[in-house]
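Structural characterization, general
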Protein chains: 2
Amino acid sequence: MNKGDEEKRTMMKKLIPNKQIVLNHYVTGYPKESDFGLRSSTTSCTLSHGSTSSAVLLKNLYLSCDPYMRHRMSDHISHSGTIVQSFTSGSVLVGYGVSKVIESTHPSFKEGILGMPGIAAYAGFHKICYPKEGDCVYVSSASGGVGQLVGQFAKLMGCYVVGSASTKEKVDLLKHKMGFDEAFNYKEEYDLGSALRRYFPQGIDIYFDNVGGHMLDEVILHMKVHGRIALCGMISQYNIEKPEGVHNMFSLIMKRIEMKGFAETDFRHVYPELVELCIKYLQEGKLVYVEDIAQGLENASSALVGIFYGRNVGKQVVCIAKE
Amino acid sequence: MNKGDEEKRTMMKKLIPNKQIVLNHYVTGYPKESDFGLRSSTTSCTLSHGSTSSAVLLKNLYLSCDPYMRHRMSDHISHSGTIVQSFTSGSVLVGYGVSKVIESTHPSFKEGILGMPGIAAYAGFHKICYPKEGDCVYVSSASGGVGQLVGQFAKLMGCYVVGSASTKEKVDLLKHKMGFDEAFNYKEEYDLGSALRRYFPQGIDIYFDNVGGHMLDEVILHMKVHGRIALCGMISQYNIEKPEGVHNMFSLIMKRIEMKGFAETDFRHVYPELVELCIKYLQEGKLVYVEDIAQGLENASSALVGIFYGRNVGKQVVCIAKE
């Protein structure tokens, strides 16, 4: 680096108040608010203009509460290369969100509310499920952040789409706001198999799985030949000690089914096409979204715990600041 | 059809002795010889030369005993479009084999000992697993008809290949005759996970599954990120009332694993390239095969029952006639 560059540098040091939600200890079973703590701290920040390295100072506006975070709250034997590592006890709960840039020495940056659930829904449906017009699509946990987008992407492709959720309110939203062809409350179905036969008398081409466990096991029996199953999440399994067994694996052979686990981390490259598509659809009124917004970081733990009981209606976020 | 065509016809009627193995009743648990009967009958055959329809009269030389046949011996709720339907009680056990053409009015026909296991191994490995040089490949039931070919195809691709089998004799065959890098007797492993860690310290890229159940469940934990699992058969599950549960499904998401059931019936179109390749490899001495040949139809039931106890060493066939 030459002297001129060095002279261009402007050092800015700031001491900034920073409230944080921390994990008190590893979680067993369903998470409780007492598993988390609210910590007031300060963070120091140095932005060096003219340096070869660059930095961005962000103010968080919204935080995202997502089911996958539960997995990081358990003490796992680490599998190298897996998508998420466990938090450590006492560490900040890291997640997605929407931020405002306060200062930046970085020439380009992106912010995005379509971040994680958007990529997971878009890539999971379009890149994993090979959808085509007329396909029969089933989405579980359909009113959640990912599910509601998957269903709408599927409708925009000309698919027949059925979603399941845990309350009448959510079912109504799916049918009357998000444009699903059908929706049902799985908690009111004595026999899940009967429900699936009712909505899919010819079988299911695509299952977008957000719940895993018994639901996945049953759905396999209702798949069509050459069906595709995208494994996005398994929220029914995160809070139990031993995951439920999936017994109907032989049907995967009988019906030549493709089942694929995926993670949005592998699809960051589709972000530009996703943003372009979603902005277009939003402007045309063809895409809607339902958010459940908790106010203030002091309500973040409660909001996060709530998603594992299905208390959220739509995508759960926490509003920290409006601007 | 004009009169000239009709005059060209030559009608040939034949009454031919035809011994058959029939299913006495649906099978529960492991099949027993008493589940099957040997029936002597005759079959009539009319070959009409010059007809628009054509026919072939075959003499069976070898019959193939394959694990998938077990599935047809149970009374299933029929799933439309699945690859195999149940036999009916009293019906002939239909299967694959090698036949000699006695008479034919058909302009072209094919016979082939590379039939089912050949296509399953070739298509399952090359079209489902996306293998590349250096991949770490695990094959269960590796000395069987499909497994022994998969392992050799993988070695020819430059993969590291480990197989498991049920006896020392089979393990020796895998290592010393079929060229597997390593092989182990799973019955002698107290902890399957330890065995897999020993042979795959860096994890498994490709698992070619012939057994299903607990083996599949454990292998999932040892897969690498972006691993591929080809579900070819689940011989460990065919004789039990309720299939074992696979509990480690969440790892499919964590490691973005693709798991795909397949059937040779979807890959008949690769038959020409398979035959060409195998003839070349056989002539060059790069492909070997081990068969377990039972003599005579009266020993067919015993041979068929034997494969579910792992009594066969190599691909089980029944020799009906040498020519």
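Keep in mind it's a predicted model, so treat the numbers as computed, not measured.

When helices and strands are counted, chain A shows 9 helices and 12 strands. Looking at the 323 residues of chain A, the share that counts as buried comes to 52%. Expressed as a percentage of contacts within chain A between residues at least 6 apart in sequence, the contacts between residues at least 24 apart total 70%. Summed over all atoms, the accessible surface of chain A reaches about 15,100 Å², with 52% contributed by carbon and sulfur.

So, on to the interface of chain A and chain B. Across the contact, 38 residues belong to chain A and 38 residues belong to chain B. Between chain A and chain B the total buried area reaches about 3,200 Å² when both faces are included, carbon and sulfur atoms providing 65% of it. At the junction of chain A with chain B, the criterion picks out 4 salt bridges. D266 of chain B is paired through a salt bridge with R256 of chain A; the nearest N and O atoms lie 2.8 Å apart. With 3 bridges connecting them, strand β10 (residues 258-261) of chain A and strand β10 (residues 258-261) of chain B associate as antiparallel partners. Within β10 of chain B, the position partnered with E258 of chain A by the bridge is K260 of chain B.

Looking now at the relation of the copies chain A and chain B. Once turned by 180 degrees and shifted 0.0 Å along the axis, chain A lies on chain B with an RMSD of 0.0 Å. Seen this way, the second copy is the image of the first under a two-fold rotation axis. If distances are taken from each C-alpha of chain A to the rotation axis, the shortest is found for G245 of chain A, at 2.0 Å. A shared binding surface is used by both copies, with 100% of the interface residues of chain A retained as interface residues in chain B.

Our focus in this paragraph is the packing of helix α5 (residues 192-199) of chain B against helix α6 (residues 213-221) of chain B. Residues and elements named next belong to chain B. The contact between α5 and α6 brings their axes to 10 Å, and the two run at 45 degrees. If you check the angle between α5 and α6, you find them oblique. As α5 runs across α6, the sense of the crossing is right-handed. Side by side, α5 and α6 meet where L192, G193 and L196 of the first sit next to M215, E218 and V219 of the second.

Attention shifts here to the sheet that holds strand β4 (residues 97-104) of chain B. All names here are of chain B. Across the sheet, which stays open at both edges, the 4 strands sit in the order β4-β3-β12-β11 with mixed pairing between neighbours. For this open sheet the edge positions go to β4 and β11 (291-295), each flanked by a neighbour on one side alone. With direction set aside, neighbouring strand axes in the sheet form an average angle of 30 degrees. By the bridge criterion, 5 bridges tie β11 to strand β12 (residues 315-319) in an arrangement that is parallel. In the strand pairing of β12, E291 is matched with K315.

Before going further, it helps to spend a moment on the environment of F267 of chain A. All names here are of chain A. Among the structural elements, F267 can be located in the loop between β10 and α8 (271-283). Here F267 falls in the buried class, since its relative accessible area comes to 13%. Along the chain, F267 and Y122 lie 145 residues apart, while their C-alpha atoms are 9.4 Å from each other. Beyond its immediate chain neighbours, meaning those up to four positions away, F267 contacts I119, A123, K127, I128 and F262.

A complete count under the given rule lists 28 salt bridges over all chains for this structure. Across the pair K155 of chain B and D181 of chain B runs a salt bridge whose closest N-O atoms are separated by 2.9 Å. Of this pair, K155 of chain B sits in helix α3 (residues 145-156) while D181 of chain B sits in the loop between α4 (168-176) and β7 (182-185), placing them 26 residues apart in sequence. For D181 of chain B, a relative accessible area of 31% puts it in the partly exposed group. Linked through salt bridges whose partners overlap, the residues forming this network are K132, D135 and R228 of chain A.

Residues and elements named next belong to chain B. If you trace the backbone, S143 turns up in the loop between β5 (136-139) and α3. Here S143 falls in the buried class, since its relative accessible area comes to 5%. Sequence-distant contacts of S143, defined by excluding residues within four places in its chain, comprise Q148, A165, K170, L174, G314 and K315.

Quick look at the packing of aromatic side chains now. Applying the stated criterion to the full structure yields 22 aromatic pairs over all chains. Ring centres 6.2 Å apart and planes at 70 degrees place the aromatic pair Y68 of chain A and Y96 of chain A in the edge-to-face group. Of this pair, Y68 of chain A sits in the loop between β3 (56-64) and β4 (97-104) while Y96 of chain A sits in the loop between β3 and β4; the two residues are 28 residues apart in sequence, bridging distant segments of the chain. Measuring from centroid to centroid gives 5.1 Å for Y238 of chain A and F250 of chain B, while their planes differ by 70 degrees, and the two rings are edge-to-face. Residue Y238 of chain A is located in the loop between β9 (223-231) and α7 (250-254), and its partner F250 of chain B is located in helix α7 (residues 250-254); the two belong to separate chains. Just as Y238 of chain A is buried, F250 of chain B falls in that class too. Following the ring pairs from residue to residue traces out a cluster consisting of Y138, Y160, F184, Y199, F200 and Y207 of chain A.

The rules behind each value
Residues numbered from 1 in each chain as written. Chains lettered and ligands numbered in written order. Predicted model: local features only at pLDDT ≥ 70, side-chain atom pairs only at ≥ 80, totals over all residues. Heavy atoms only, no water. Helix = DSSP H or I, 4+ residues; strand = E, 2+ residues; numbered from the N terminus. Buried < 20%, exposed > 50% of the residue type's maximum accessible area, 1.4 Å probe, protein only. Contact = heavy atoms within 4.5 Å. Areas by Shrake-Rupley, 256 points an atom, 1.4 Å probe, with all protein chains shown as cover. Buried area = accessible area lost by both parts, 1.4 Å probe. Salt bridge = Lys/Arg side-chain N within 4 Å of Asp/Glu carboxyl O. Pairing = 2+ DSSP bridges. Least-squares fit on C-alpha atoms with pLDDT ≥ 70 in both. Axes fitted to C-alpha atoms, helices over the stretch in contact; angles between N-to-C directions. Parallel < 35°, antiparallel > 145°, perpendicular 65-115°, else oblique. Left-handed = near helix turned anticlockwise from the far one by under 90°. Phe/Tyr/Trp six-rings, centres within 6.5 Å; stacked < 30°, edge-to-face > 60°.

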